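A look at the structure
Here are the chains, one letter per residue:
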Amino acid sequence: MSRIFTISKNTFRELTRQKIFFIIVLFGFVMLFISFFLYPLSVGEQSKIIRDFGLSAITFFNTLLVIIVGSTLLHKEMDKRTIYLVITTPVERREIIIGKFLGLFFIVLINIVGMEVFHQILIFFTDHKFDLKMFIALFPYLFEVSIIICILLFFSTFTGTLFSAFMGFAFYVIGHLIESLKLFAEISKSLFLKIFSYFFYYFLPNFEHFNIKREIVYGEIPDKEYFIFSICYGLIYIILILYISSLIFEKKEFK
Amino acid sequence: MNNDIIEAKSLAKSFRIGLKRKKILHSISFNIEKEEIFGFLGPNGAGKTTTIKILTGLLNYDSGEVKVFGVKPGEKEARKKTGFLPEQPYFYEHLTGYEFLEFTGKLYGMDNKALKKKIPELLEIVRLKDAGRKRIRTYSRGMLQRIGIANALIRDPELLILDEPLTGLDPIGRKEIKDLIFEQKKRGKTVFFSSHILPDAEQICDRVGVIFNGKIIKIGPLNEILKERITSYEIILRNINENVLNGLNFVKIGNEIVIRTKEEDIESILRNLFEKSNDFKIVKISPEVYTLEEWFVEILKEKNE
Ligand SMILES: Nc1ncnc2c1ncn2[C@@H]1O[C@H](COP(=O)(O)OP(=O)(O)OP(=O)(O)O)[C@@H](O)[C@H]1O
Ligand SMILES: [Mg+2]
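Everything numeric in this text was worked out from a predicted model, so none of it was measured. (Residues numbered from 1 in each chain as written. Chains lettered and ligands numbered in written order. Predicted model: local features only at pLDDT ≥ 70, side-chain atom pairs only at ≥ 80, totals over all residues. Heavy atoms only, no water.)

Another aspect to go through is the site of ligand 1. As a structural note, the neighbourhood of ligand 1 is formed by 15 residues, with Lys 48, Thr 49, Thr 50, Glu 87 and His 196 of chain B the closest of them. Taken together, the residues near ligand 1 originate from chains A and B. With respect to ligand 1, the side chain of Glu 164 of chain B contributes an N or O atom lying 3.4 Å from an oxygen atom. Separating an oxygen atom of ligand 1 from a side-chain N or O atom of His 196 of chain B is a distance of 2.7 Å. When ligand 1 sits alone it has 640 Å² of accessible area, and the protein chains cover 71% of it. Only β2 (20-33) and α1 (48-55) of chain B provide two or more residues apiece to the shell around ligand 1. The element best represented in the shell around ligand 1 is α1 of chain B, accounting for 3 residues. (Near = heavy atom within 4 Å. Polar contact = N/O pair within 3.5 Å; in protein donor to acceptor, adjacent residues only side chain to side chain. Areas by Shrake-Rupley, 256 points an atom, 1.4 Å probe, with all protein chains shown as cover. Helix = DSSP H or I, 4+ residues; strand = E, 2+ residues; numbered from the N terminus.)

Next up, the structure:
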C-alpha cells in the first residue's frame, strides 16, 4: 500500500512540476471564464446556461487533460528509461499501474474541484447565490474520467502514446453515443453488424450512465439507487481494466 | 545449499528484429559466488547489458535456467537483496538527488527515519552532498553516475549488479568507486559488474568472465588467468661482470643488467652465476607484467581469426 502511495505521489509531483501542465490548467479556467460572457441573454436563461455550459466545460476539459497526460504516463518512463530503476526495486508491477492511476486521478480530482469552485463564483455573480448541487453533478463524472485513465493505461502497456491517446478519445466518444449503437443494432439488417453492435453495446462502458448534468441543471437530483448503481458500474470497469493492464505489464520486457 | 548468489545455466536470449529472430546470447553459463567481485568483460555489442537485464528481471529469456538468490531473476525475493546500476542511468529530472533516493528507498520498503539517516550518508560517500538538493536535470554525466551508484546502495544490498559503473567518471571518481566496491566485498557483499576499463577491473576483480558474440569464451580467477599467460621472467642484477653472462639473453640498462628467461630456468641461471662470481647483487626477480588488457586483446584476436 505504501508503495502505491510512493508511486502516485511521484506521478503527482512529476506532472505538477511541469510548466506545460499549468498552462493547460490555466486554459481550462480561461475557457470557463469566457463562457460567462458568451451568453448575455435574459436573466432566467442565463442562469441555466451558465450552469449547463460550466459543467460541460469542466467535464470536457478534464477529459481532454486526462487523454493528453494519461497517454504519456507509462510511456514517458519507458522512453526515458526511468522505469529501469523502478521495476528493479521490490515494487510490484501492478502497484506501478495502480499508483499511476491514483496519481493522475488525484490531480484531476483537485482540478475538477478547483474549476467547480470557480464555476460557483461565476454562478454567484449571475444569481447572487451559490448552487452546490453542481458538485453532485460532477460526482458520477469522476468515474467516467477514471475509466478513461484506466483505458489509457491499458493501451499504454502494449501500444504507443499516440495510439493510446486515440483509443482513449475513441472510447470517450463511443461511450457517450452508446445508446445510438443499440439503436443501430436494432435497425441493422446485417446479422454481423447486429451482433457486432450488440456486443459493443453491452461490453463497452456507457458513459451516459455517469451523465446527470441535465437533470441537475433542471433541479432534479437522482435517487439513491442511481448512485449505488453508477458507483458499482464504474468500479467494475476500473478494477477490471486495471487488472488486465497489470497482467500485461507483468509480462512486459524493458528493452 | 551452495554458495552461489547467481547461477546461469545454458542461458539463451534472442530479440525479434522485424520478422526474424536474432540470437544475442548463445547458451551462456556462469556462477557468481558469495563475496566475490566478478568482472564481466567483452567488446561493444557482446551481450553484457542483455545478460545484466536478464539478471535484474528487465528482460525475459528464451531458454536455460537462471537463479538469483535461488529464485527466478526479477522475483521480489531477488529484487529485495539486489542493488542495480543500469548502463547510462536515467532519473526523474523533476526530482532532486535527495528526493530520488527517497523515492527508491521507499520502494525498497524503508521508512522516513531510516532514509533521513541513510541518504545524507550516501550522498557524502558519492560526493554529492551539496548537489543532493539540486534537480537531477542540472547534473553532469559523472554526477548522474554517482547518484546512480548511491541509488544502487540505498538498501545496503547483498548483491550489486553494476553495468559499467566506472564509465563517465574522472580518475579520482573511478578510484573512489573502486574503493567503494572493494568495501562492499569486505562487508560480505557480492558485486557483479561490467566494464570496458580493464586496468581498473584488474585492480578489483576476483574473477572475470569474457563474453564475445553472445558466448562466454573465458571465465576464471584473475590471478590464474594472468599467470597462465606469464611467459617470461626478468632477473635484474647489479655489479656484475658482463663476461660471466656469456650465452645469456640480457640487456644493459644503466648500471643494471636485465636477464629475460623462463620460470624453470631461473634457478640454474642463478646457480651458474654464483659459481663464476660472488660479489653481484640481485635487485629483483619478477614476472614480466602481463595486463588484463593485453590478455583481453589477445584472446579477442584469437577469436577473430
Ligand atoms: N532491444 C533490442 N533489440 C534488438 N537487438 C538488441 C536489443 N538490445 C540489444 N540488442 C543487440 O544485442 C547485442 C548485445 O547488446 P548489449 O547491449 O547486450 O551489448 P553490450 O555488451 O552491453 O555492449 P556495450 O559494451 O556497447 O554496452 C547487440 O548486437 C545489440 O545490437
Ligand atoms: Mg552494455
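Additional details are given in the paragraphs that follow.
On to the interface of chain B and chain A. How large an interface is tends to be reported as the accessible area lost when its parts come together. Opposite the 31 residues of chain B that make contact, chain A presents 27 residues. Taking both partners together, chain B and chain A bury about 2,900 Å²; carbon and sulfur atoms supply 55% of that area. Our enumeration of links across chain B and chain A arrives at 5 salt bridges. The closest approach of N and O atoms between Glu 92 of chain A and Lys 76 of chain B, which form a salt bridge, is 3.5 Å. Joining chain B to chain A, the criterion identifies 14 residue pairs in polar contact (both at pLDDT 80 or more). Among the secondary structure elements, those contributing two or more residues to the side of chain B that touches chain A are β1 (4-17), α2 (76-80) and α3 (97-107) of chain B. When residues of the side of chain B that touches chain A are assigned to their parent elements, the largest contribution, 6 residues, is made by α3 of chain B. Of the residues assigned to the side of chain B that touches chain A, the class counts are 13 nonpolar, 8 polar and 10 charged. (Contact = heavy atoms within 4.5 Å. Buried area = accessible area lost by both parts, 1.4 Å probe. Salt bridge = Lys/Arg side-chain N within 4 Å of Asp/Glu carboxyl O. Nonpolar A, V, L, I, M, F, W, Y, C, P; charged D, E, K, R; others polar.)

A cluster of nonpolar side chains, Val 113, Val 117, Ile 121, Phe 124, Phe 125, Phe 130, Leu 132 and Phe 135 of chain A, forms an exposed patch at the surface whose accessible area comes to about 740 Å². Top contributing element to the nonpolar patch by residue count: helix α6 (residues 93-127) of chain A, with 5 residues. (Patch = residues over 30% accessible without salt bridge, like charges linked within 9 Å, V, L, I, M, F, W, Y side chains within 5 Å.)

Take the pattern of salt bridges next. Taken as a whole and judged by the stated rule, the model has 32 salt bridges over all chains. Linking Lys 13 of chain B and Glu 253 of chain A is a salt bridge whose minimum nitrogen-to-oxygen distance equals 2.7 Å. With Lys 13 of chain B in strand β1 and Glu 253 of chain A in the segment after α12 (224-251), this pair bridges two chains. Lys 13 of chain B gets classed as buried once you look at its relative accessible area, which sits at 3%. The partner of Lys 9 of chain B in a salt bridge is Glu 65 of chain B, and the shortest N-O contact between them spans 3.9 Å. Separated by 56 residues along the polypeptide, Lys 9 of chain B in strand β1 and Glu 65 of chain B in strand β4 (residues 63-68) bring together distant segments of the chain. Glu 65 of chain B sits in the partly exposed class, given a relative accessible area of 39%. (Buried < 20%, exposed > 50% of the residue type's maximum accessible area, 1.4 Å probe, protein only.)

Before going further, it helps to spend a moment on the environment of Gln 88 of chain B. Along the chain, the position of Gln 88 of chain B falls in the loop between β5 (82-85) and α3. Along the primary structure Gln 88 of chain B and Ile 266 of chain B are separated by 178 residues, whereas in three dimensions their C-alpha atoms are 49 Å apart. Ignoring anything within four residues of it in the chain, the contact list for Gln 88 of chain B reads Arg 81 of chain A together with Arg 141 of chain B.

Glancing now at the domain arrangement of chain B. We note that the domain assignment places domain 1 (4-226) and domain 2 (230-289) within chain B. Here the C-alpha centroids of domain 1 of chain B and domain 2 of chain B sit 46 Å apart. (Domains from an automatic or database assignment.)

All names here are of chain B. Donor atoms from the polypeptide that coordinate the magnesium ion (ligand 2) comprise Thr 49 (OG1) and Glu 87 (OE), at 1.9 to 2.3 Å from the metal. Here the residue Thr 49 occupies a position in helix α1, and Glu 87 occupies one in the loop between β5 and α3, the gap between them amounting to 38 residues. Glu 87 gets classed as partly exposed once you look at its relative accessible area, which sits at 27%. (Donors = N, O, S within 2.8 Å, 3.2 Å for Na, K, Ca; no water.)

This part takes up the sheet that holds strand β12 (residues 256-261) of chain B. All names here are of chain B. Taking strand neighbours across the sheet as the criterion, the 4 strands line up as β11-β12-β10-β13 in an open arrangement whose pairing is antiparallel. This sheet does not close on itself; its edge strands, each paired only once, are β11 (250-253) and β13 (281-287). When strand polarity is set aside, the average angle formed by the axes of neighbouring strands in this sheet is 20 degrees. In terms of strand pairing, strand β10 (residues 233-238) meets β12 through 6 bridges, oriented antiparallel. Following the sheet pairing, Glu 234 is matched in β12 by Arg 260. (Pairing = 2+ DSSP bridges. Axes fitted to C-alpha atoms, helices over the stretch in contact; angles between N-to-C directions.)

Residue and element names in this part refer to chain B. We note that Gln 88 has phi near 45 degrees; this positive angle belongs to a residue other than glycine. We classify Gln 88 as partly exposed; its relative accessible area is 43%. Backbone geometry places Arg 127, a non-glycine residue, at a positive phi of 60 degrees. Residue class for Arg 127 comes out exposed when judged on its relative accessible area of 55%.

Looking now at the packing of aromatic side chains. According to the stated counting rule, one finds 40 aromatic pairs over all chains in the structure shown. When the centroid spacing of 6.3 Å and the interplanar angle of 50 degrees are considered together, the rings of Phe 27 of chain A and Phe 61 of chain A count as tilted. Pair noted here: Phe 27 of chain A is in helix α2 (residues 19-38) and Phe 61 of chain A is in helix α3 (residues 43-70), with a separation of 34 residues, a long-range link. When its relative accessible area of 47% is taken as the criterion, Phe 27 of chain A is described as partly exposed. Taken together, a centroid distance of 6.4 Å and an interplanar angle of 15 degrees make the contact between Phe 30 of chain B and Phe 38 of chain B stacked. (Phe/Tyr/Trp six-rings, centres within 6.5 Å; stacked < 30°, edge-to-face > 60°.)

With 153 residues, the main nonpolar core has Phe 192 and Trp 295 of chain B as its most contacted residues. Counting residues per element, this core draws most heavily on helix α7 (residues 133-156) of chain A, at 15 residues. (Core = buried A, V, L, I, M, F, W, Y, C linked by side-chain atoms within 4.5 Å.)

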